[in-house]
Amino acid sequence: MDTCNITIPVSRFQWDELTDEQRRLIEVAKEQIHCSYSPYSHFSVGAAALLANGEIVRGANQENAAYPSGLCAERTALFAAGAMYPDQPVRKLAIACYTNEHYLEEPGAPCGACRQVMLETEHRYGGKMEVLLYSTSGTLVFESAADLLPLVFVRENLLG
Ligand code: THU
């Protein structure tokens, strides 16, 4: 038997340590909190995707009385980006979570389904997609969506 540890590279940045581009994207994700439709969880998530052409595509979680029919903020943003700009790689994705009248003090981690979709987005365009998880105590920056999902299942696995 072999055992190994999988380590995930991630950095925590304070607001003044982020680039202007990162800060702008996070501001958009925070603004998107107001577009969240979350009458069931009262947990609002905003997302903003920066494309290679400079466009920012916005997302927010959209819930439904039939719970599984709802969709997370990250996937609304990434699917909207794919639907509107199919040829534009997504370079960065910022996420902000808000509940009980506060942004989270610790970064909210994207769910497994969103991580899978982030990975597909990264593979689809063949470049790294930076992921920024905002919180009031700092922003976690993952250089690549792949860092959020080791042992990923992607197109190559289907081809065998
Ligand atoms: N949610 C997101 O939008 N993104 C995530 O990665 C985690 C969860 C949403 C889904 C649901 O509307 C609410 O947060 C509570 O789970």
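The following paragraphs examine the structure supplied in this document. These figures come from a predicted structure and were not determined experimentally.

1. Here we look at the environment of N100
In step 1: With respect to the helices and strands, N100 occurs in the loop between strand 4 (90-99) and strand 5 (102-103).
In step 2: The exposed category is assigned to N100, whose relative accessible area is 66%.
In step 3: Along the primary structure N100 and F43 are separated by 57 residues, whereas in three dimensions their C-alpha atoms are 8.0 Å apart.

2. So, helix 3 (residues 112-125)
In step 1: For helix 3, spanning 14 residues, the distance from its first C-alpha to its last is 20 Å, which sits close to the expected 20 Å at 1.5 Å a residue.
In step 2: Turning to helix 3, its buried residues are C114, V117, M118, L119, T121 and E122.
In step 3: Buried residues along helix 3 sit in contact with helix 2 (73-84), strand 4 and strand 6 (130-135).
In step 4: Phi turns positive one or two residues past the end of helix 3, at G126, with a value near 75°.

3. What to know about the site of the ligand
In step 1: Around the ligand, the neighbouring residues are S41, F43, V45, N61, E63, C72, A73, E74, P110 and C111.
In step 2: In the environment of the ligand, an oxygen atom lies 2.9 Å from a nitrogen or oxygen atom belonging to the backbone of A73.
In step 3: Burial of the ligand by the surrounding chains reaches 75%, relative to a free accessible area of 370 Å².
In step 4: Looking at the shell around the ligand, the elements with two or more residues in it are strand 2 (43-51) and helix 2.

4. Remarks on the side chain of S38
In step 1: Secondary-structure assignment places S38 in the loop between helix 1 (20-31) and strand 2.
In step 2: On the basis of relative accessible area, S38 is assigned to the buried category, the value being 9%.

5. Some remarks on the pairing of strand 3 (residues 56-60)
In step 1: Here strand 2 runs beside strand 3; their pairing, made up of 5 bridges, is antiparallel. The residue of strand 3 that forms the bridge with L50 is I56.
In step 2: Between strand 2 and strand 3, which follow one another and run antiparallel, lie 4 residues, and G54 among them has a positive phi close to 90°.

6. Some details on the state of the cysteines
In step 1: The full count for this structure, using the stated rule, is 0 disulfides.
In step 2: Looking at the unpaired C35, the closest cysteine sulfur is the one in C97, lying at 15 Å.
In step 3: The partly exposed category is assigned to C35, whose relative accessible area is 43%.
In step 4: This cysteine, C97, is not joined by any disulfide, and C72 carries the nearest cysteine sulfur, 9.6 Å off.

7. Some thoughts on the nonpolar core
In step 1: Formed by 26 residues in total, the largest nonpolar core has its most connected members in L78, V90, L93, I95, M118, M129 and V131.
In step 2: If you list the elements that add at least two residues to this core, you get strand 2, helix 2, strand 4, helix 3, strand 6 and strand 7 (138-142).
In step 3: With near-sequence residues (within four places) excluded, M118 lies in contact with E74, L78, L93, I95, P110, M129, V131, A145 and L148.
In step 4: Membership of the second largest hydrophobic core comes to 12 residues, among which are L18, A48, L50 and A96.

8. Observations regarding the packing of aromatic side chains
In step 1: Going through the model one piece at a time under the given rule, you end up with 4 aromatic pairs.
In step 2: Consider the rings of Y103 and Y134, whose centres lie 5.8 Å apart with planes at 85°: the pair is edge-to-face. With Y103 in strand 5 and Y134 in strand 6, the pair connects residues that are 31 residues apart, well separated along the chain.
In step 3: With a relative accessible area of 11%, Y134 lands in the buried category.
In step 4: Feature note: the residues W15, Y98, Y103 and Y134 constitute an aromatic cluster, connected by ring pairs.
In step 5: Positioned over the ring face of Y103 is K30, at 4.9 Å from the centre of the ring.

Conventions adopted
Residues numbered from 1 in each chain as written. Predicted model: local features only at pLDDT ≥ 70, side-chain atom pairs only at ≥ 80, totals over all residues. Heavy atoms only, no water. Helix = DSSP H or I, 4+ residues; strand = E, 2+ residues; numbered from the N terminus. Buried < 20%, exposed > 50% of the residue type's maximum accessible area, 1.4 Å probe, protein only. Expected span 1.5 Å × (residues − 1). Contact = heavy atoms within 4.5 Å. Near = heavy atom within 4 Å. Polar contact = N/O pair within 3.5 Å; in protein donor to acceptor, adjacent residues only side chain to side chain. Areas by Shrake-Rupley, 256 points an atom, 1.4 Å probe, with all protein chains shown as cover. Pairing = 2+ DSSP bridges. Disulfide = S-S within 2.5 Å. Core = buried A, V, L, I, M, F, W, Y, C linked by side-chain atoms within 4.5 Å. Phe/Tyr/Trp six-rings, centres within 6.5 Å; stacked < 30°, edge-to-face > 60°. Lys NZ or Arg CZ within 6 Å of the ring centre and 35° of its normal.

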